Amino acid sequence: MMTEKELVIEDIITDAMATPSPAKSMGDPGITPLSPTHILNDSEENETTRHPYVVVVAIDFGTTSSGYAYAFTKEPECIHTMRRWEGGDPGVSNQKTPTTILLTPDKKFHSFGYAARDFYHDLDPTESKQWLYLEKFKMNLHTTANLSIDTDLHAANGKKVKALDIFAYALAFFKEQALKELSDQAGSDFDNADVRWVITVPAIWKMPAKQFMREASYKAGLVSLDNPDQLIIALEPEAASIYCRKLRLHQMVDLGNKTAFNGYSPTENVGMGMTQGDRYVVVDCGGGTVDLTVHQIRMPEGHLKELYKASGGPYGSLGIDYEFEKLLCKIFGQDFIDQFKIKRPAAWVDLMIAFESRKRAATPDRSNPLNINLPFSFIDYYKKFRGHSVEHALRKSNVDFVKWSSQGMLRMNPDAMNALFKPTIDHIIQHLTELFDKPEVTDIKFLFLVGGFAESPLLQQAVQKMLQGRSRIIIPHDVGLTILKGAVLFGLDPSVIKVRRSPLTYGVGVLNRFVEGKHPPEKMIVKDSTRWCTDVFDTFISADQSVALGETVKRSYTPAKPSQQVIVIHVYCSEKESVSFITDPGVRKCGTLKLDVSGTESPAARREIQTLMQFGDTEIRAMAVDVATSRSVKASIDFLSQ
């Protein structure tokens, strides 16, 4: 007999009418926080106690620059950042390397970072058109609407290349560099099996992008499919947060009094400092994205609890580069800039490097102009293209705050440079203002500004002005390496973040007993003379719901036919907190839950497959078990093959 509360999973792929077992009907179909017996004990989960790994290596795969750091599990306090790279830029500290990659004309990996850029730059222009050079490609994972394994990227010469290959090449490069450095230290070949890898991604990335990084890691040979736990995906602002709460006073600057905290005991923590229940915001300002997280510290262990779901957007320092490009288009014409980028790609890269170093010299109170070197081939190609000089173009354009200097430079007055920053900074400030207006975000003691863009005095001043002393603004000294070091700490103890907030509402479509007056008549279907309501959204977890690490959501599914080998269930998601039907506006199919029930045949008339899903980690996981035989069933959630 079915009871009112029983649910039926509606599944379109198999002709399954996967009905849950009567065991399910005793509980409420909605999600209830599970009793503590279902929550893994810290001891089970805290891997540091029984660490099979010798070293944790974290890779910060950034939009503009990347790097790695590591720590041995026996000396967790001692974090080593990667060896210095050859070929740094003027005015840029080269602890990290540019996220640039060069492939040979036949699409084989050639080089990464400064080496890629310098080699590409030194190629003869006719030859360089054949080579595939890519930079700032990470943002594509955030901006591509239907990201899949087959998503393409475009190289500087306009040629297409598989995104998965590019990400895998880059990760394989870091794997090789890190293992080489570890082997040199050990005096013998270091075994990859002894490494726990951590890769950082923005917190606002959706599940497909996180899964994409994991697939790229498998392809790069970082870890194997048989041992997925060897790789942890870390969220960038979370990593920064873990590092920031351990900061010593001499390792940071308080914007309030603009001094490093000298005169205090250098061993004190954030001070003055982090005590039970303190709330703080981490603003991670990178090249591509700005990520905001709100954490509360729980003493004595210093565990962290997320108070509001991660938010942010594509407001990184790249936005300033786009504004500069728009300015160039205004002066020299979009048609010319588009042509120049394709015909002289290496010179375009040069021009952006020259702009980068001047961008870093922009301050709120600067009075003297900033000079940007125009590459000779820009001046030359412009004359061929237009039939008149660059100088003539500047005189003729309505842009009065950019002049031509006789040394072959663009001379920008400081206001012009600051104007390039304005749209990006305005976005960040608007986002911060909205965040601080949320009821969950009150009594914020500290605001940590981290990431490469956090070094910008213009951004610092804007944040100060917006906060008006409501929170203390702290900038770590090694602001560009904060995420990297925090990611290593996270890899050493992934259970440090005990409570997260779900960014989206997740669930599946089910059939419910039809209730007159409650369910819309157009949703009614009749099956075996019983009236059912179709398309009901069975919520696994709601957007912004708190979820503890190791907490699981339980559901039971039954194969439609005894012979069925695979149960496939569509997973839906929405940004709204409460959803009634899978057909509601804003609800979209975002993944599939696959239960491989082959080889678990049982004599039972109805087989019940109990599925456990975990939402408290940086990735969503699924496990399943055949209740009759207690045998584990292969379960996976796929967000990429939509």
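Calculation rules
Residues numbered from 1 in each chain as written. Predicted model: local features only at pLDDT ≥ 70, side-chain atom pairs only at ≥ 80, totals over all residues. Heavy atoms only, no water. Helix = DSSP H or I, 4+ residues; strand = E, 2+ residues; numbered from the N terminus. Expected span 1.5 Å × (residues − 1). Buried < 20%, exposed > 50% of the residue type's maximum accessible area, 1.4 Å probe, protein only. Salt bridge = Lys/Arg side-chain N within 4 Å of Asp/Glu carboxyl O. Pairing = 2+ DSSP bridges. Axes fitted to C-alpha atoms, helices over the stretch in contact; angles between N-to-C directions. Polar contact = N/O pair within 3.5 Å; in protein donor to acceptor, adjacent residues only side chain to side chain. Contact = heavy atoms within 4.5 Å. Core = buried A, V, L, I, M, F, W, Y, C linked by side-chain atoms within 4.5 Å.

Participant: What should I look at first to understand helix α9 (residues 318–332) in this one?
Facilitator: Every α-helix carries 3.6 residues per turn, so stepping three or four residues along brings you back to the same face. Look at α9: 21 Å from first C-alpha to last across 15 residues, which is about the 21 Å you get at 1.5 Å a residue. Most of α9 is tucked away, with twelve of its 15 residues classed as buried. Those residues of α9 that fall on the buried side of the exposure criterion are Leu318, Gly319, Ile320, Asp321, Glu323, Phe324, Glu325, Leu327, Leu328, Cys329, Ile331 and Phe332.

Participant: Please explain the pattern of salt bridges as it appears in this structure.
Facilitator: Two side chains that carry opposite charge are able to pair once their charged atoms sit near each other. For the structure shown, the criterion picks out 27 salt bridges. Here Arg531 makes a salt bridge to Glu516, at a shortest N to O gap of 3.0 Å. Here Glu516 lies in the loop between β25 (505–513) and β26 (524–527) and Arg531 lies in strand β27 (residues 530–541), a separation of 15 residues in the sequence. Taking relative accessible area as the criterion, Arg531 reaches 37% and is therefore assigned partly exposed. Look at Glu516 and you get exposed, because its relative accessible area is 57%. Among the salt bridges present, the one from Asp538 reaches Arg555, with a minimum N-O distance of 2.7 Å. Of the two residues, Asp538 sits in strand β27 while Arg555 sits in strand β29 (residues 552–557), which places them 17 residues apart along the sequence. With respect to burial, Asp538 and Arg555 carry one shared label: buried. Via salt bridges that share partners, Lys136, Asp321, Glu356, Lys359 and Arg360 belong to a single interconnected network.

Participant: Teacher, can you tell me more about the sheet that holds strand β9 (residues 132–135) here?
Facilitator: Neighbouring strands of a sheet are bound in pairs by backbone hydrogen bonds; such pairs are parallel or else antiparallel. An order of β8-β7-β9 is seen for the three strands of this open sheet, with the pairing classed as antiparallel. Edge positions in the open sheet fall to β8 (109–112) and β9, since each of these has one partner strand only. Averaged over all neighbouring strand pairs, the angle between strand axes comes to 20°, with direction disregarded. Note that strand β7 (residues 100–103) and β9 share four bridges and pair antiparallel. Paired with Leu102 across the bridge in β9 is Tyr133.

Participant: Even after reading the chapter, I still don't get the side chain of Asp544, so can you show me in this structure?
Facilitator: Mapped onto the fold, Asp544 is located in the loop between β27 and β28 (546–548). On the basis of relative accessibility, which here comes to 9%, the residue Asp544 falls in the buried class. Within the structure, the side chain of Asp544 is placed 3.0 Å from the backbone nitrogen of Lys309, a separation counted as a polar contact. Apart from the residues lying within four places of it in its own chain, the contact partners of Asp544 are Tyr308, Lys309, Glu440, Arg501, Ser502 and Glu577.

Participant: Looking at this structure, I do not really get the nonpolar core. What am I missing?
Facilitator: Soluble globular proteins tend to bury their nonpolar side chains together. Membership of the largest hydrophobic core comes to 99 residues, with the highest contact counts inside it found for Phe332, Leu447 and Phe448. The dominant element in this core, judged by the number of residues it contributes, is helix α14 (residues 414–436), at ten residues.

Participant: How do you make sense of the sheet that holds strand β21 (residues 409–412) when you look at a structure like this?
Facilitator: Strand order in the open sheet made by the three strands is β19-β21-β20, with antiparallel pairing throughout. The two strands at the open ends of the sheet, each matched to only one other strand, are β19 (370–373) and β20 (402–405). Within the sheet, the average angular offset between the axes of one strand and its neighbour, ignoring direction, is 30°. In terms of strand pairing, β19 meets β21 through four bridges, oriented antiparallel. Note on β21: the bridge partner recorded for Ile372 is Leu410.

That is the geometry; function is a separate question.
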